[in-house]
Amino acid sequence: MAAVHEDHGIFAWADEPHLYRNKKFLKGFEALAQYNLSFDAWTYSTQLGDVLALAKQFRETSIVLDHLGTPAGLFGQVGTHTGVTKTARENILFRWQEDIAELAHCPNVYSKISGLFMPVLGHQFHLQKREASKQEIIDLTAPLIQHALQSFGIYRLMLASNFPMDRVNTSLVNLIDATSDIVAAYHPNALQQVFHHNAKQFYRF
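Residues numbered from 1 in each chain as written. Predicted model: local features only at pLDDT ≥ 70, side-chain atom pairs only at ≥ 80, totals over all residues. Heavy atoms only, no water.

J.: How would you summarise helix 1 (residues 23-34) if you had to cite specific residues and measurements?
T.: Taking 1.5 Å of rise per residue, 12 residues should cover 16 Å, and helix 1 covers 17 Å from first to last C-alpha, within 8% of that figure. Of all the residues in helix 1, the buried ones are F25, L26, F29 and L32. Taken down its axis, helix 1 places every buried residue within 90° of arc, on the same side. Facing away from the buried side of helix 1 by more than 90 degrees, the exposed set consists of K23, K24, K27 and Q34. (Helix = DSSP H or I, 4+ residues; strand = E, 2+ residues; numbered from the N terminus. Expected span 1.5 Å × (residues − 1). Buried < 20%, exposed > 50% of the residue type's maximum accessible area, 1.4 Å probe, protein only. Arc of directions from axis to C-beta.)

J.: How would you explain the pattern of salt bridges if you had to name every residue and give the values?
T.: Evaluated as defined, the whole model comprises 8 salt bridges. Notably, a salt bridge pairs D50 with R21, separated by 2.5 Å at the nearest N-O pair. Linking D50 in helix 2 (residues 48-57) with R21 in the segment before helix 1, this pair joins segments that are 29 residues apart in sequence. Of the residues examined, R21 reaches a relative accessible area of 43% and is grouped as partly exposed. Between K86 and E90 there is a salt bridge, with the nearest N and O atoms lying 2.5 Å from each other. (Salt bridge = Lys/Arg side-chain N within 4 Å of Asp/Glu carboxyl O.)

J.: Tell me what's going on with the pairing of strand 3 (residues 109-113), and back it up with residues and numbers.
T.: Burial analysis of strand 3 places 5 of its 5 residues in the buried class, which makes it a mostly covered element. Bridge count for strand 2 (residues 63-65) against strand 3 is 3 bridges, and the pairing is parallel. Within strand 3, the position partnered with V64 by the bridge is Y110. Handedness of the strand 2-helix 3 (residues 86-103)-strand 3 crossover: right-handed. (Pairing = 2+ DSSP bridges. Right-handed = clockwise from strand over helix to strand, strands pointing away.)

In C-alpha cells, the structure reads:
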C-alpha cells in the first residue's frame, strides 16, 4: 500500500508519497522478477505515474492496480480541499481517465474493479445512514468501469471485494449485482473473464 495524497487531510497509508520510486523499495522489488512473482499495487489516482514508472522498469513482472487507482474526492469533498467543487471533481475524473489509459498501455499491468465505495472517494451514503442502491451504484460507477474496460480490455480486469471497507456505503450484494450488469453489458464474454478467468490466470490458481 503506497497510497499517500497531496491533500494531507486524506489518510496516508505509507510513510512517504512516492514509495514505488524509493531506491530501497526498487531493490527489493527485483526479487519479485527473479522469482516470477506478481505484485498488488495500491495508490491514489494522483500517484498513478509511480505505478507507470514501476511497470516500465519491470516489464516482465505482472502488476495489478487495486481499486482502479482510487480517485479520491471524485464523488464529493474529502480531506481539506479535494473534490470541493463540481469543476474539481470533473478534473479528478479527467486526470484519472488519462492516467488509466496510459497505464493500460503496459501489457504487464492489470487492474481490479474494487474499492469504489470507500468513503475516501467522497460518497455520502454512510453520513445519510443508508446503503447505495443497485441503480445508484450503476449510475456512479458505470463511467469508471466502462473506461477501465475500454482501456484494459476484458482480459486484464478482475472483480475484487473490498469489504468491510466499502460496507459503510453499500452492501456486497448490491455491489456485485450492479457491477455484473455493467460488465455483462460491455461484452458478451466479459463477465466470465472479469469475475473468474482473469484472476485465475493472474494469480495462477
